[in-house]
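Listed below, chain by chain, are the residues.
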Amino acid sequence: MKRALYAFLAISAMLAACGTEQELAAQSQAETAASSYTITIVSQNPSSGVAITVSRADLYGRASGTTEFTRTYTTGTALSLTAPSSASGAPFQKWQKNGVDLTSSTTASITVSAQDRYTAMYGSSSGGSSPTFKILASNDLGMHCACPSFSTFMLLPPYNTLRAQVFQTGAGEPSLLGASTQYKVTYDVRENTDAGLKADPYFANWIQNSPKIFPGFQPVRADGRIQGLGGATLSGDMEVKTTPATTYFEKAGIPAYPVVTGTATDIMTDPLGGPQRTPYLTGRIQVVEKATGKVMASDDVTVPVAFGGCCNCHVKLAGAYGKPTTPAGSFETMGMLHARDARIDFSKLDPDGDGVGGPIRCSVCHWDPAMGESKAPGFATTYPSYKILPGATFTSADVRTSQYSFSDVLHRFHAQSSAVLTSYDANIAKNCYDCHPGNNVNCYRDTHTTKTNASGQQIWCTDCHGDLNQRIAQNQMANPWSAQTLPTCAQCHGSSYGEKSPGQSGWLNTGIFGKYLNSAGHHGSKVLCSSCHGSPHGLNPSTLAKDNVQNIALQNDARAIGKCTVCHGDQSSTWQVPPHN
């Protein structure tokens with residue numbers, strides 16, 4: 001009897017100190033609310049009514065449920081979601097997390113760490129129709145330059161990058177294709193072939209000299225395929241890129257090169273006097289079923305690459321100094337002029353010890369983010385066996401790296417040189433086509449060319465970027481190729497249509513380029529800006545018909561994607577400006 005009384009008193013004391021069971025539960029929930037997340041479990045095809053087994057009860061005692069439903073868990077909680085093998089006659093395909101493929105197993109093991117959305121995807125029944133995919137592809141810059149000769153020095157190598165997002169559409173909300181056991185996304189630069197580039201005397205010059213410019217690099221693989229600096233070939237599989245908000249496919253460093261086709265597309269003049277070339281190539285993006293090789297969707301996107309404008313002036317300059325009007329003559333002349341300001345005649349630098357000056361790349365001494373560098377590697381580090389040729393007036397002690405970026409020294413010199421301003425172009429600060437890329441290419445071709453600025457003049461490069469004098473005055477080129485110095489859409493269109501900033505949902509954080517190429521919006525920041533609007537400098541509707549092919553095919557309209565039916569089959573087919581953020 002006494003033991004029972006003591007037990008009763010002890011329990012009463014505990015309850016008085018800690019509260020009732022209901023109070024304890026409320027306290028526990030309050031303590032975990034700040035460190036918990038609600039996940040959403042849905043299904044597609046059918047969009048509702050699918051019974052999902054949830055292995056662990058949530059904070060409110062709920063476990064399994066029927067789509068669509070939510071559950072709330074403490075951060076770090078591990079559990080599993082199990083879907084039936086079929087629903088409404090459709091076989092289970094996969095689980096997706098935030099629109100990205102998670103697993104093809106009916107059971108998905110997850111750890112709660114955010115407000116995530118999990119979708120049980122069901123396909124058509126056996127013998128039914130295949131899933132529908134929509135591809136939205138773009139080029140990273142809308143313009144790329146490469147050199148016609150690599151035997152002396154190199155500014156930029158053949159290096160082109162394609163991006164694509166693939167939406168699976170049909171009943172319910174569209175979903176983004178990501179890493180998948182069923183499908184892959186491929187690319188193919190249609191006008192370039194391995195055999196064709198090997199036979200091109202200009203590209204053959206790259207094959208010969210690139211191992212000297214980039215020691216250890218082999219431009220032709222053991223299997224005979226041409227590869228870029230990062231290993232990309234002219235065709236192959238794209239790679240999945242995933243951020244907290246979205247997913248997309250990318251292939252960086254494709255060694256695309258302008259070609260001679262003998263057709264009307266050969267609009268680019270050759271500064272070295274050769275035949276005109278096509279600077280706007282075709283990148284074919286396809287969704288392919290891995291098991292069968294069946295093409296599920298196909299899309300063509302512009303792959304731009306042109307010769308820069310350097311040779312147009314520098315070859316003539318060589319002639320003015322009594323040198324041959326060739327790349328070699330230009331190299332000697334530019335080395336001589338470089339020595340006037342920086343002591344070093346770089347034409348006297350022999351990087352591989354073969355007794356001949358060059359080839360070199362400017363970014364060895366002047367750091368260049370376009371080469372993936374945050375600081376210049378240095379000549380001796382890059383070319384440890386380099387020699388200084390006879391006749392040089394400098395020593396190895398003079399061969400050092402610069403504190404200035406390549407963009408800075410290049411633009412600053414041309415904008416401030418009295419010789420350039422008096423003898424070549426007094427308005428070079430505004431005449432971007434002298435260099436970018438020149439040669440009748442007209443790479444700025446997007447929708448802004450049809451619009452005017454506040455002064456009633458056609459919008460020009462400098463309206464967004466500023467002219468060279470402005471950029472130098474603002475010290476922009478101390479931080480080139482950067483979100484801090486490149487223009488934004490918000491400058492003119494306001495924050496409602498502006499890009500994201502670092503740390504915000506939808507920020508891609510590529511480590512280079514401006515905010516436009518680093519931003520995604522619409523529907524939880526899932527859609528890249530470039531997926532709907534197109535490539536920079538070729539924004540839709542573009543004056544180049546090739547840029548508009550994708551959007552016309554998807555919505556019968558060259559403007560930026562604005563018909564909801566492109567992705568949402570049950571919504572409006574009238575073009576309108578969709579929600580951006």
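Provided above is the structure to which this section pertains.
The structure presented is a predicted model; accordingly, all values stated were derived computationally and were not measured.

Calculation notes
- Sequence order as written defines residue numbering, which begins from 1 separately in each chain.
- Under the rules for a predicted model, residues below a pLDDT of 70 receive no local features and side-chain atom pairs below 80 are neither given nor counted, while totals for whole chains, interfaces and linings still include all residues.
- As a convention, hydrogens and water are excluded, and side-chain values are obtained from all of the structure's heavy atoms.
- Stacked, edge-to-face and tilted are the three classes for Phe, Tyr and Trp ring pairs, Trp counted by its six-membered ring, which pair at centre distances within 6.5 Å; planes under 30 degrees apart are stacked, over 60 edge-to-face, the rest tilted.
- A run of H or I in DSSP counts as a helix once it spans at least four residues, and a run of E counts as a strand once it spans at least two, with each numbered from the N terminus.
- Exposed residues in this analysis have more than 50% of their type's maximum accessible area, buried residues have under 20%, and partly exposed residues fall in between, with area computed by a 1.4 Å probe over protein chains only.
- Pairs of residues are marked as contacts when any of their non-hydrogen atoms sit within 4.5 Å.
- Pairing between strands requires that DSSP locate at least two bridges from one strand to the other.
- Orientation is described by lines fitted to C-alpha atoms, with helices fitted over the stretch in contact, and by angles between N-to-C directions that extend from 0 to 180 degrees.
- Given the number of residues in a helix, its expected span is that number minus one, multiplied by 1.5 Å.
- The quantity called bend is, for any residue, the angle between two axes fitted respectively to the seven residues ending at it and the seven beginning at it.
- Polar contact criterion, stated in full: a pair of N or O atoms within 3.5 Å, where within protein one must be able to donate a hydrogen and the other to accept it, and residues adjacent in sequence count only if both atoms are side-chain atoms.

## A word on the packing of aromatic side chains
Okay, step 1: This model, assessed by the stated rule, comprises 17 aromatic pairs.
Okay, step 2: Ring geometry for F133 versus Y183: centroids 4.9 Å apart, planes at 70°, classification edge-to-face. Of this pair, F133 sits in strand 11 (residues 132-139) while Y183 sits in strand 16 (residues 183-189); the two residues are 50 residues apart in sequence, bridging distant segments of the chain.
Okay, step 3: By relative accessible area, F133 is classed as buried at 5%.
Okay, step 4: A relative accessible area of 5% places Y183 in the buried class.

## Describing unusual backbone geometry
Okay, step 1: A cis amide bond, omega -5°, links G358 with the succeeding residue P359.
Okay, step 2: Although it is not a glycine, W481 sits at a positive phi angle of roughly 55°.
Okay, step 3: Here W481 shows up in the loop between helix 11 (468-473) and helix 12 (490-493).
Okay, step 4: For F513, which is not glycine, the phi torsion reads 80° and is therefore positive.
Okay, step 5: With respect to the element layout, F513 can be found in the loop between helix 12 and strand 26 (520-521).
Okay, step 6: For F513, a relative accessible area of 14% corresponds to the buried category.

## A word on helix 8 (residues 406-416)
Okay, step 1: Those residues of helix 8 that fall on the buried side of the exposure criterion are F406, S407, D408, H411, H414 and A415.
Okay, step 2: Each element contacted by the buried residues of helix 8 is listed here: helix 5 (310-320), helix 9 (418-423) and helix 11.

## So, the sheet that holds strand 21 (residues 295-304)
Okay, step 1: As summarised here, the arrangement of the 4 strands in space is 17-16-20-21, forming an open sheet in which the pairing is antiparallel. Of all strands in the sheet, those with a lone pairing partner are strand 17 (235-237) and strand 21, marking the two edges. Between one strand axis and the next, the sheet turns by 20° as a mean value, whatever way the strands run.
Okay, step 2: In the sheet, strand 20 (residues 280-289) pairs with strand 21 via 9 bridges, with the strands oriented antiparallel.

## A few points about helix 4 (residues 201-213)
Okay, step 1: Helix length check: helix 4, at 13 residues, gives a terminal C-alpha distance of 18 Å against a target of 18 Å (1.5 Å per residue), a fit within 8%.
Okay, step 2: Most pronounced at I207, the bend in helix 4 amounts to some 30°, and the proline P211 follows within four residues.
Okay, step 3: When we look at burial in helix 4, the residues that qualify are Y202, F203, N205, W206, N209, S210 and I213.
Okay, step 4: The secondary structure elements touched by the buried residues of helix 4 are strand 13 (153-154), helix 3 (194-199), strand 22 (306-307), strand 24 (360-361) and helix 7 (379-382).
Okay, step 5: For helix 4, the side-chain oxygen to backbone nitrogen distance between the N-cap and Y202 is 2.9 Å, and the N-cap itself is D200.

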